[in-house]
Amino acid sequence: KQEVTQIPAALSVPEGENLVLNCSFTDSAIYNLQWFRQDPGKGLTSLLLIQSSQREQTSGRLNASLDKSSGRSTLYIAASQPGDSATYLCAVYNQGGKLIFGQGTELSVKP
Amino acid sequence: NAGVTQTPKFRILKIGQSMTLQCAQDMNHNYMYWYRQDPGMGLKLIYYSVGAGITDKGEVPNGYNVSRSTTEDFPLRLELAAPSQTSVYFCASSSLPGTAKMNTEAFFGQGTRLTVV
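No experiment lies behind these values; they were computed from the predicted model shown.

Reading the values: rules and limits
Residues numbered from 1 in each chain as written. Chains lettered and ligands numbered in written order. Predicted model: local features only at pLDDT ≥ 70, side-chain atom pairs only at ≥ 80, totals over all residues. Heavy atoms only, no water. Helix = DSSP H or I, 4+ residues; strand = E, 2+ residues; numbered from the N terminus. Rg over C-alpha atoms; globule rule 2.2 N^0.38 Å. Buried < 20%, exposed > 50% of the residue type's maximum accessible area, 1.4 Å probe, protein only. Contact = heavy atoms within 4.5 Å. Areas by Shrake-Rupley, 256 points an atom, 1.4 Å probe, with all protein chains shown as cover. Lys, Arg positive; Asp, Glu negative; His and termini not counted. Charge placed at Lys NZ, Arg CZ, Asp CG, Glu CD. Polar contact = N/O pair within 3.5 Å; in protein donor to acceptor, adjacent residues only side chain to side chain. Salt bridge = Lys/Arg side-chain N within 4 Å of Asp/Glu carboxyl O. Disulfide = S-S within 2.5 Å. 1 Å grid on protein atoms, 1.4 Å probe; cavity = no way out; pocket = protein on both sides within 12 Å on 5 of 7 lines; lining within 4 Å. Points joined across faces, edges and corners; volume = space filled by probe spheres on them. Nonpolar A, V, L, I, M, F, W, Y, C, P; charged D, E, K, R; others polar.

Enquirer: Describe the overall build of chain B, listing the residues and the values that go with them.
Expert: Helix and strand content of chain B: zero helices and eleven strands. Mapped from its N terminus to its C terminus, chain B presents α and β elements in the order β-β-β-β-β-β-β-β-β-β-β. Here the C-alpha radius of gyration of chain B, 14 Å, is about what a compact globule of 117 residues would show, namely 13 Å. C-alpha atoms of chain B, sized along the principal axes, occupy 45 × 30 × 25 Å. Sorting the 117 residues of chain B into buried and exposed places 45% on the buried side. Excluding contacts between residues fewer than 6 apart, the proportion of contacts in chain B whose partners are at least 24 apart in sequence is 55%. When the accessible surface of chain B is summed, it comes to about 5700 Å², and 53% of that surface belongs to carbon and sulfur atoms. Of the side-chain charges in chain B, 10 are positive and 8 negative, and the distance between the mean point of each set is 8 Å.

Shown next as structure tokens:
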């Protein structure tokens, strides 16, 4: 059974800091891994998708890495801003089609 | 571009009532999913479908049923609503993961906030 864990559960940083969010999964037989952002009371916004054959993806100040063999992914946010405050979720596509989520990291960036 | 459309956005049910949450996508995606999200938690998979006529249980299927008669629609049925089913429900769709297509990301609806009293 695939289990996805995100550490830390919550993180508070001052504006301008670089930060790393962690995601681990127990079954390395995955197709893809996707990072999402969720604002309070809102739906999910896709940030980055990493195919299983890829090592990383970049979009603006965001960089996501994937080490499938060790069951780990990281989301790096450079020069954090108050507008980055949200909950960040990672999800893995199992072979067979299930999309399984971690419990999220709640990020607060203080001005 | 409509994407994934969920209806209704909000609903209050009494204990024991039934209802159907609607989900439709216009991207010709094979894969569709239903999740529930409780306060402060991640998303838990209820049911998923890999194509019309094919459905399977996720992590928390008890108390729910689904059907997939068309590629576009994936309704979620709640029978005999219970307070434990108070949650926000999200529907999602994606094209076939693991293919050579680059755009296999999952797209989500805006959610249905359900309260059972």
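So, next bit.
Enquirer: Kindly report on the side chain of Q2 of chain A, identifying the contributing residues and their values.
Expert: Residue and element names in this part refer to chain A. Mapped onto the secondary structure, Q2 falls in the segment before β1 (4-7). Looking at Q2, the relative accessible area reads 5%, which means it is buried. Here the side chain of Q2 touches D27 through a polar contact of 2.9 Å, landing on its backbone nitrogen. Of note is the side chain of Q2, whose polar atom sits 2.8 Å from the side chain of N94.

Enquirer: Residues and numbers for the interface of chain A and chain B, please.
Expert: Across the boundary between the two partners, chain A contributes 23 residues, which contact 24 residues of chain B. For the pair chain A and chain B, the number of links is zero salt bridges. Where chain A packs against chain B, one counts seven residue pairs in polar contact (both at pLDDT 80 or more). At the level of secondary structure, the elements contributing two or more residues to the side of chain A that touches chain B comprise β4 (30-38), β5 (44-51), β9 (86-94) and β10 (99-101) of chain A. For the side of chain A that touches chain B, the element with the most residues is β4 of chain A, which contributes five residues.

Enquirer: Would you mind going over the state of the cysteines in detail, with residue names and values included?
Expert: Two cysteines whose sulfur atoms are joined by a covalent bond form what is called a disulfide. All names here are of chain B. One pass over the structure, following the stated rule, counts two disulfides over all chains. Put simply, C23 and C91 are joined by a disulfide, and their sulfur atoms are 1.8 Å apart. Across the S-S bond linking C23 and C91, the dihedral sits near -70°, which makes this disulfide left-handed. Remark: C91 occurs in strand β9 (residues 87-94) and C23 occurs in strand β3 (residues 19-25); sequence separation between them is 68 residues. The buried category is assigned to C91, whose relative accessible area is 0%.

Enquirer: Can you lay out the layout of surface pockets for me, pointing to particular residues and giving the numbers?
Expert: Counted as a void, the largest pocket has a volume near 710 Å³. Forming the boundary of the largest pocket are 32 residues, of which Q38, D39, P40 and G41 of chain A together with Q37 of chain B lie nearest the centre. Broken down by secondary-structure element, the contributors of at least two residues to the lining of the largest pocket are β9 and β11 (105-110) of chain A together with β9 and β11 (112-116) of chain B. Ranked by the residues each element gives to the lining of the largest pocket, the list is headed by β11 of chain B, at four residues. Here the lining of the largest pocket is built from residues that sort into eleven nonpolar, 15 polar and six charged. Here the second largest pocket is characterised by a volume of approximately 190 Å³. V4, F101 and G102 of chain A together with K44 and E59 of chain B are the residues nearest the centre of the second largest pocket, which is lined by 14 residues in total. Those elements giving two or more residues to the lining of the second largest pocket turn out to be β1 and β10 of chain A together with β5 (43-51) of chain B. Split by residue class, the lining of the second largest pocket holds five nonpolar, five polar and four charged.

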